[in-house]
Amino acid sequence: MIEVRSLTKSYADLRRGTFVALDRLSFSARAGEVYGLLGPNGAGKTTALRILSTVLQPTSGSAIVNGFDCVTQPALVRHHIGFISANTAVYDRMTAWEMVEYFGRLYGMEKEPLRDRMESLFDRLQMQDIRDLLGAKMSTGMKQKVSIARAIVHDPPVLIFDEATSGLDVLVARALLDAVAELRDQGKCVVFSTHIMREAERLCDRVAIVHQGRMLAEGTLEELFETYGHTDLEDLFFDLIQKQGEKMAVVDNQ
Amino acid sequence: MNFNNVKLIFVREMRDQLRDRRTLFLIAVLPLLLYPILGMSFFQLAQFMRHSAAKVVVVGAEELDGLDWLPELIDGEQFSPALFNSIDERKSLQLVVGAGQEEAQAALKSGDVQVVVYFPVGFKELLQEVRQSLLKRAEETKSLEATSLPTPQILFISSNEKSRIAQLRVERVMRTWRTEVMQTNLRDSNVPLNAAKPFDLRPLDVAEEHQRSAAVWSKILPFILFVWALTGAFYPAVDLCAGEKERGTLETLLVSPAQRREIVWGKLLTVMTFSIVTALLNLGSMGLTANFVLAQFKDIGGIAGQSALSLPPLSAIVWMPIALIPISALFSALCLACAAFARSTKEGQYYLMPLLLVIMPLMMLPLSPGVELNLGNSLIPVTGVVLLLRSVIEGQLLQAAYFVVPVFGVTLICCLLAIRWAEEQFNSESVLFRESERLDLGRWLVHLVRDRTETPTFAQGFFCVVLILVIQFFVKLAMSAAAGNGIDYAFFRQAIFISQVVCIAFPTIILTLLFTRSPWKTLLLNRLPTWQMLAAGTFLAVFLRPLGMEFTQLIERLYPASEEMLVQMKAMGNAINEVPSWGMLMLLMAVLPAVCEELAFRGFVLSGLRHIGHKWWAIGFSAIAFGIVHPMLQQQIGAAAVGVALGYLAIQTGNLLPCMVFHAIYNGIALSLGNFVEEDGGAVNSQYAWLFSNGEMTIFQPWVLAISAVGAIFVLRWLHRLPYQHTKEEQLQEARDRQFTGA
């Protein structure tokens with residue numbers, strides 16, 4: 001479903017020449033699984049997922065989503081993904097219904113099937129009571145629901161969640177995690193980035209630990225615990241990042 | 001482009017804007033309220049102006065006493081009623097008599113008094129002397145000579161508006177009084193009154209009422225209309241781009257399948273709608289208010305002029321909305337591009353001022369006297385449309401028709417450029433996800449040179465054109481100062497060398513060395529051309545030359561060169577005649593420009609512009625740039641057309657040498673043709689005369705043109721089949737264009 005090969009993204013930096021935000025990142029995610037990208041802030045998770053959603057272009061490497069190339073076939077890629085991040089807000093001056101309908105139409109859905117799909121979505125996400133509420137009047141939780149509805153209205157095979165729980169209270173975050181699990185059970189391929197260990201433990205089938213644009217480790221939780229001799233994801237995470245820091249310090253000194 | 005998506009985005013944005021109370025207020029409610037309120041305050045002001053009396057101090061009023069024949073000037077605290085047409089006018093000047101001169105001047109300076117009328121000591125005697133000399137003219141021949149005139153003074157302060165107006169009124173009164181004095185003198189000395197006025201003069205305006213109002217409205221209306229079109233476009237544009245970025249909804253839209261172009265068009269149509277509606281609403285509301293206010297002004301003599309304005313003519317009402325469409329499109333695209341570049345609404349608002357500073361002079365230019373619709377002005381964006389609109393409002397439809405193509409052509413090109421620019425903003429990662437960064441000029445310059453790319457960037461290509469234009473401007477200033485005493489051969493040779501090498505080749509080479517890692521590749525000189533490519537350049541030049549001459553003739557026929565230009569061209573022609581040998585002429589006028597201009601425009605500039613990702617855009621841009629650097633307008637158009645052929649040749653062959661060959665031969669043929677014509681009388685005395693259908697060897701036989709066209713098509717087809725080298729951006733763009741057809 002998702003094939004990422006040696007994805008690199010660097011920016012011109014006045015001070016350092018180039019700044020490498022993403023350094024030869026490779027991973028693949030399959031249908032029916034939640035693939036977790038785990039890393040501290042600034043690790044390159046958002047950059048990687050923005051490349052997958054085609055709003056950024058990689059400096060080198062390739063990303064294939066559902067068989068389409070993110071660089072040369074961006075419009076087709078966008079047709080086949082649903083993207084939710086802390087940066088994708090809802091329109092203030094649109095109601096929940098209008099917003100989801102608008103995106104459904106942009107995804108090329110016909111009016112009739114769209115209405116049926118929306119009715120069932122609004123039921124499932126318990127959104128019927130906010131149907132005619134303007135975005136400006138919604139609480140954070142309501143907005144998150146609208147975002148989910150907006151991202152899955154066209155029933156995409158691939159879903160990308162970029163730090164989607166940041167800023168949500170426990171109840172709303174939990175509801176979102178449940179929704180993600182449900183989507184996995186429907187056979188969707190989900191990429192889920194977070195810096196919260198508990199979420200990764202709860203949800204992800206496989207996890208990649210990313211730091212400073214590089215992948216430090218990848219595997220199922222069991223595989224990771226076994227390889228690195230830890231029983232707690234948080235300890236493992238700290239351990240890896242610390243080691244990486246030491247390694248970089250040695251390189252810098254040399 | 002999927003028009004359904006454009007429509008969806010347009011409808012959503014319109015609804016979004018209409019739900020915004022601020023926008024609605026600004027667009028719809030404000031104009032409906034603004035003008036009536038302004039009109040009302042104007043009306044109040046007019047009332048005030050009518051009743052506010054100016055204080056006039058008369059110093060030396062005693063000089064008027066004791067002459068029983070003298071018509072009355074002062075009557076109590078006012079001027080004599082006989083000197084006014086209406087009581088209101090008389091009341092507007094309040095007199096204070098009996099003050100001393102210094103006291104009066106101090107009062108004038110402090111602003112308590114608006115005007116001081118000063119009759120100097122001896123005024124009475126002089127006045128009497130003038131009268132006596134008239135009465136006794138038969139007895140004394142001496143009296144026929146002019147005696148010195150009595151000169152009262154009117155003191156006022158020109159920097160004070162009120163004082164100035166009062167001065168005008170007082171002067172009018174004094175003139176009337178002078179006429180009365182003169183008439184009394186004449187009457188008393190038995191001279192007919194007509195002696196001092198042998199004939200009368202009466203200007204008669206034969207313009208009809210509607211023409212008069214058209215002349216006035218044609219200047220005012222386009223200006224107001226377009227200012228509102230700009231304002232109406234700006235705020236929605238900022239909200240639609242920078243505002244969305246700020247609210248975080250732009251990324252939501254960008255991850256939808258809508259393509260950037262569709263997003264830009266959807267937003268553009270919204271901004272355009274608001275621009276047009278704002279302009280029309282403002283105009284309508286203003287028109288109604290103005291009608292009312294002007295009616296009031298009619299009563300106030302001497303302020304609104306002799307005849308008050310009537311409503312704008314019907315032609316204005318019909319033509320304005322038509323002209324509004326292209327202008328709104330242009331302003332909307334410009335505003336959208338600026339707004340897309342801004343990170344936040346606050347930053348967006350900052351861009352209004354620079355935008356106004358660029359557009360305002362273009363709108364003001366037609367207001368200055370003597371600026372008429374001609375080819376030069378019609379090619380100036382915005383100004384051309386304003387002038388065209390003025391012409392049609394004035395009813396000069398035929399004259400306007402001549403310039404419809406250049407005016408709308410330029411507007412269309414500007415629109416497309418602005419739209420393309422806006423699209424680029426939506427595609428640019430650095431613009432979309434721009435973080436605040438400290439500006440460090442030194443570091444940035446170091447970065448430009450240290451991290452230089454293989455070939456120049458688009459911005460660097462653009463910069464090269466600007467640099468050439470700036471250097472050209474200063475060199476031209478210096479040269480026109482030096483050319484004061486005529487152009488001789490030495491000066492001509494020097495001028496050509498400077499304009500080619502110093503203005504064009506030198507900056508190009510410096511920029512190439514500074515900004516690129518592969519100078520040879522940038523200048524398309526990294527490999528040798530095949531002989532077929534050189535032949536293609538040669539043949540294309542030979543075939544296109546007759547067509548090019550025909551095109552130049554057509555332009556000159558449609559838009560004749562000005563007197564000034566003809567003088568310049570003649571001086572140039574004389575200088576060319578002075579060149580000692582044909583070889584030298586070729587070197588100066590064909591080979592040198594071919595090398596220098598090709599290095600710049602098909603070398604550095606085109607290499608940079610090709611990073612835009614579409615070869616025809618790059619060719620078009622570079623051709624326009626190539627046109628602009630030519631000195632005369634008629635030449636510029638011709639050069640831009642040739643620039644397209646040269647750009648195509650450069651890209652298809654990937655080599656600059658065929659372009660240089662083309663350029664040298666193309667110039668060379670034109671110069672050589674000039675040599676075949678005999679200087680005296682222009683009679684053709686040449687073995688090539690059979691190619692031409694006129695004696696001056698400027699118009700080719702139709703069959704020559706036909707063969708040329710066929711030949712040029714043949715060469716272009718051959719070029720078309722060459723496997724040209726795509727830039728990375730062009731490859732990407734082509735792949736993206738294919739994504740729907742391929743999948």
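On a predicted model such as this, the values are computed, not experimentally measured, just so you know.

### Here's the deal with the packing of helix 10 (residues 314-341) of chain B against helix 15 (residues 397-427) of chain B
Residue and element names in this part refer to chain B.
- The N-to-C vectors of helix 10 and helix 15 enclose an angle of 20 degrees; their axes lie 8 Å apart at closest approach. Relative to helix 15, the element helix 10 is oriented roughly parallel. The element helix 10 and its partner helix 15 pack so that their crossing is left-handed. Contact with helix 10, carried on its side by Trp-319, Pro-326, Ala-329, Leu-330, Ala-333, Leu-334, Leu-336, Ala-337, Cys-338, Ala-340 and Phe-341, involves Leu-397, Phe-408, Thr-411, Cys-414, Cys-415, Ala-418, Ile-419, Trp-421, Ala-422, Gln-425 and Phe-426 of helix 15 and no other residues of that element.

### Some details on helix 27 (residues 702-721) of chain B
Residues and elements named next belong to chain B.
- Taking 1.5 Å of rise per residue, the 20 residues of helix 27 would be expected to cover 28 Å, and the 29 Å separating its terminal C-alpha atoms lies within 8% of that figure.
- For helix 27, the full list of buried residues reads Val-704, Leu-705, Ser-708, Gly-711, Ala-712, Val-715 and Leu-719. For helix 27, the buried positions fall inside an angular range of 130 degrees around the axis, keeping them on one side. For helix 27, the exposed residues set more than 90 degrees away from the buried face come down to Pro-702, Ile-707, Val-710, Ile-713, Phe-714, Arg-717, His-720 and Arg-721.
- Lining the buried residues of helix 27 we find helix 21 (531-558) and helix 25 (633-653).

### Examining the nonpolar core
- Ile-2, Leu-52, Tyr-102, Val-146 and Phe-161 of chain A together with Phe-226 and Phe-331 of chain B are the most contacted members of the largest nonpolar core, which has 164 residues in total.
- Counting residues per element, this core draws most heavily on helix 7 (residues 209-247) of chain B, at 17 residues.
- Residues lining this core come from more than one domain, with at least three contributed by each of domain 1 (3-43 + 210-432) and domain 3 (450-742) of chain B.
- Phe-331 of chain B has contacts with Phe-226, Ala-229, Leu-230, Ala-233, Ile-359, Met-363 and Val-382 of chain B, leaving out every residue within four places of it along the chain.
- Within the second largest apolar cluster, 50 residues are counted, among which are Cys-464, Val-475, Phe-621 and Leu-656 of chain B.

### So, the sheet that holds strand 4 (residues 60-65) of chain A
Residue and element names in this part refer to chain A.
- Pairing is antiparallel across the open sheet formed by four strands, whose spatial order is 2-1-4-5. At either end of the open sheet lies a strand with only one pairing partner, and these are strand 2 (17-29) and strand 5 (68-69).
- Relative to strand 5, strand 4 is paired through two bridges, and the arrangement is antiparallel. Across the sheet, the residue bridging to Ile-64 is Asp-69, located in strand 5.

### What about the sheet that holds strand 9 (residues 206-211) of chain A?
Residues and elements named next belong to chain A.
- In space, the six strands of this open sheet follow the order 6-7-8-3-9-10, with mixed pairing throughout. Looking at strand neighbours, the two that pair on one side only are strand 6 (81-85) and strand 10 (214-219), the edges of this open sheet. Each neighbouring strand pair of the sheet contributes to a mean axis angle of 15 degrees, computed without reference to strand direction.
- Set on the sheet, helix 5 (residues 140-152) makes contact with strand 6 and strand 7 (158-162); between it and strand 6 the angle comes to about 160 degrees.

### Structural notes on the interface of chain B and chain A
- With 40 residues of chain B in contact, the opposing surface of chain A contributes 40 residues.
- Here chain B packs against chain A, burying approximately 3,800 Å² in sum over the two surfaces, 56% of which is carbon and sulfur.
- For chain B, the biggest contributors to the area lost against chain A are Val-255, Pro-257 and Glu-429 of chain B; these three give 17% of the whole.
- Here chain B is connected to chain A by seven salt bridges.
- In this assembly, chain B and chain A are joined by 14 residue pairs in polar contact (both at pLDDT 80 or more).
- Contributions of two or more residues to the side of chain B that touches chain A are made by helix 1 (3-18), helix 7, helix 8 (249-254), helix 17 (441-450) and helix 28 (728-742) of chain B.

### Details of the domain arrangement of chain B
- Splitting chain B by domain gives domain 1 (3-43 + 210-432), domain 2 (52-195) and domain 3 (450-742).
- Between domain 1 of chain B and domain 2 of chain B, the C-alpha centre-to-centre distance is 53 Å.

Reading the values: the criteria
Residues numbered from 1 in each chain as written. Chains lettered and ligands numbered in written order. Predicted model: local features only at pLDDT ≥ 70, side-chain atom pairs only at ≥ 80, totals over all residues. Heavy atoms only, no water. Axes fitted to C-alpha atoms, helices over the stretch in contact; angles between N-to-C directions. Helix = DSSP H or I, 4+ residues; strand = E, 2+ residues; numbered from the N terminus. Parallel < 35°, antiparallel > 145°, perpendicular 65-115°, else oblique. Left-handed = near helix turned anticlockwise from the far one by under 90°. Contact = heavy atoms within 4.5 Å. Expected span 1.5 Å × (residues − 1). Buried < 20%, exposed > 50% of the residue type's maximum accessible area, 1.4 Å probe, protein only. Arc of directions from axis to C-beta. Core = buried A, V, L, I, M, F, W, Y, C linked by side-chain atoms within 4.5 Å. Domains from an automatic or database assignment. Pairing = 2+ DSSP bridges. Buried area = accessible area lost by both parts, 1.4 Å probe. Salt bridge = Lys/Arg side-chain N within 4 Å of Asp/Glu carboxyl O. Polar contact = N/O pair within 3.5 Å; in protein donor to acceptor, adjacent residues only side chain to side chain.

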